[in-house]
Amino acid sequence: MKRPVVGIIGSMHLAENRFPAQRVGERNLRAVHDVVGALPLIFAGSPEITDVDALLDVVDGIVLTGARANVHPTRFGVEAHTSYEPYDEPRDALALDLIKTCVERSVPLLGICRGFQEMGVAFGSTLHPEIRELPGRINHRMPRLPNGEIHPDQAVVFGDRHNVHLTAGGVFAGIFGSDCIRVNSLHGQGILEPGGRIIVEGLADDGTIEAIRVAEAPGFALGVQWHAEYDPQTNPINRALFEAFGAAIKERHAGKA
């Protein structure tokens, strides 16, 4: 039997500040290859290039990755403001349609960081551009040196920063075998108010939403705010999540054979 295929969304990027490109962090590719056991297939985060139905005829699942850009605020009923920038509006258009179609067609879907936020917005959630500004919240952005530069040690950047308290008996608690896990934190924007079909199953110590699922989704449709693509080869939490996604991928792939 041929290996299953997982589509991984690209993000808009200007190479050398002038050449339009699409990029995907290599950790996402290696997580899909090493843990899921699938062929990672990068597709453009633009509806002008990527046909959703044609894509889903080819792949066995979708990963929505993190990215520098935020979801445009008009997508959740808020006026544009510099605090929400930068944007990647072509990815917004593609991803929000893709999410709904994946759920409708039972295509396994895993959202990470921006992908988690996209899943929220697709089903009516609102976002806040800077979660740390809310009363009682911690700084969820990546660690930096005193001079403001990003910390040079990736083990520090992606190190566990806070707990996530999971719904007892929920999907995530079942995946991780625990009601409390520790995760990394590299985001500014986050879900403020969850939409009607978004079920919150994980909260950080400060109340920030960290794990969601889509209500009544016939297939795997989960999102996490942390960067689960970091070292799932050895990190037991991130590995368990990708293994659960992989199980759904393989089931769908076998059903297509």
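In this text the structure is predicted, and so the values were computed from the model without any measurement.

Quick look at the packing of aromatic side chains now. The tally for this structure, following the rule as stated, stands at five aromatic pairs. Ring centres of Phe 176 and Trp 226 lie 6.3 Å apart, and the angle between their planes is 50 degrees; on these two criteria the pair is classed as tilted. Remark: Trp 226 occurs in the loop between strand S13 (221-224) and helix H7 (236-256) and Phe 176 occurs in helix H6 (residues 171-176); sequence separation between them is 50 residues. Side by side, Phe 176 and Trp 226 carry an identical accessibility label, which is buried. Members of the aromatic cluster, joined through ring pairs, are Phe 172, Phe 176 and Trp 226. Above the ring of Phe 158, the side-chain terminus of Arg 27 is found at 5.3 Å from the ring centroid.

Right, let's get into the sheet that holds strand S8 (residues 162-166). In spatial order, the strands read S4-S1-S5-S6-S13-S12-S11-S8-S9; together these nine strands make up an open sheet with mixed pairing. Both outer strands of the open sheet, strand S4 (39-43) and strand S9 (180-183), are each paired with one neighbouring strand and no more. The sheet shows a mean angle of 25 degrees between the axes of neighbouring strands, direction not considered. In this sheet, S13 lies alongside strand S6 (residues 109-112) in parallel orientation, the contact comprising four bridges. Bridged to Ile 112 within S13 is Val 224. Across the sheet, helix H3 (residues 89-105) lies against strand S1 (5-9), S4, strand S5 (61-64), S6, strand S12 (209-214) and S13, angled at about 140 degrees from S5, the strand it touches most. Across the sheet, H7 lies against S1, S5, S6, S9 and S13, angled at about 155 degrees from S6, the strand it touches most.

Take the pairing of S9 next. Residues Ile 181 and Val 183 point to one face of S9 and are all buried, whereas Cys 180 and Arg 182, pointing to the other face, are not buried. The pairing of S8 with S9 spans four bridges and is classified as antiparallel. Bridge pairing links His 162 to Val 183 in S9.

On to the packing of H3 against helix H4 (residues 114-122). At a minimum axis distance of 9 Å, the contact between H3 and H4 shows a crossing angle of 65 degrees. Here H3 lies roughly perpendicular to H4, going by the angle between them. Crossing of H3 against H4: the hand is right-handed. Residue-level inspection shows Arg 91, Asp 92, Ala 95, Leu 96, Ile 99 and Lys 100 of H3 in contact with H4, the latter providing Arg 114, Gly 115, Glu 118, Met 119, Val 121 and Ala 122. Classifying every residue of the contact of H3 with H4 by side-chain character gives six nonpolar, one polar and five charged.

Let us now look at H7. End to end, H7 covers 30 Å across 21 residues, agreeing with the expected 30 Å (1.5 Å per residue, within 8%). Turning to H7, its buried residues number three or more, namely Ile 237, Asn 238, Ala 240, Leu 241, Phe 242, Phe 245, Gly 246, Ala 248, Ile 249 and His 253. Between the side-chain oxygen of the N-cap and the backbone nitrogen of Ile 237 there are 3.0 Å, and the N-cap of H7 in question is Asn 235.

With that out of the way, let us pick up H4. Burial within H4 is extensive, with nine of its nine residues counted as buried. Every buried residue belonging to H4 is among Arg 114, Gly 115, Phe 116, Gln 117, Glu 118, Met 119, Gly 120, Val 121 and Ala 122, and all of these are buried. Downstream of H4 by a residue or two, Gly 124 has a phi angle that is positive, lying close to 95 degrees.

Here we come to the environment of Lys 250. With respect to the element layout, Lys 250 can be found in helix H7. Of the residues examined, Lys 250 reaches a relative accessible area of 43% and is grouped as partly exposed. Lys 250 sits 142 residues away from Pro 108 along the chain, and the two C-alpha atoms are 9.9 Å apart.

Rules used throughout
Residues numbered from 1 in each chain as written. Predicted model: local features only at pLDDT ≥ 70, side-chain atom pairs only at ≥ 80, totals over all residues. Heavy atoms only, no water. Phe/Tyr/Trp six-rings, centres within 6.5 Å; stacked < 30°, edge-to-face > 60°. Helix = DSSP H or I, 4+ residues; strand = E, 2+ residues; numbered from the N terminus. Buried < 20%, exposed > 50% of the residue type's maximum accessible area, 1.4 Å probe, protein only. Lys NZ or Arg CZ within 6 Å of the ring centre and 35° of its normal. Pairing = 2+ DSSP bridges. Axes fitted to C-alpha atoms, helices over the stretch in contact; angles between N-to-C directions. Contact = heavy atoms within 4.5 Å. Parallel < 35°, antiparallel > 145°, perpendicular 65-115°, else oblique. Left-handed = near helix turned anticlockwise from the far one by under 90°. Nonpolar A, V, L, I, M, F, W, Y, C, P; charged D, E, K, R; others polar. Expected span 1.5 Å × (residues − 1). Polar contact = N/O pair within 3.5 Å; in protein donor to acceptor, adjacent residues only side chain to side chain.

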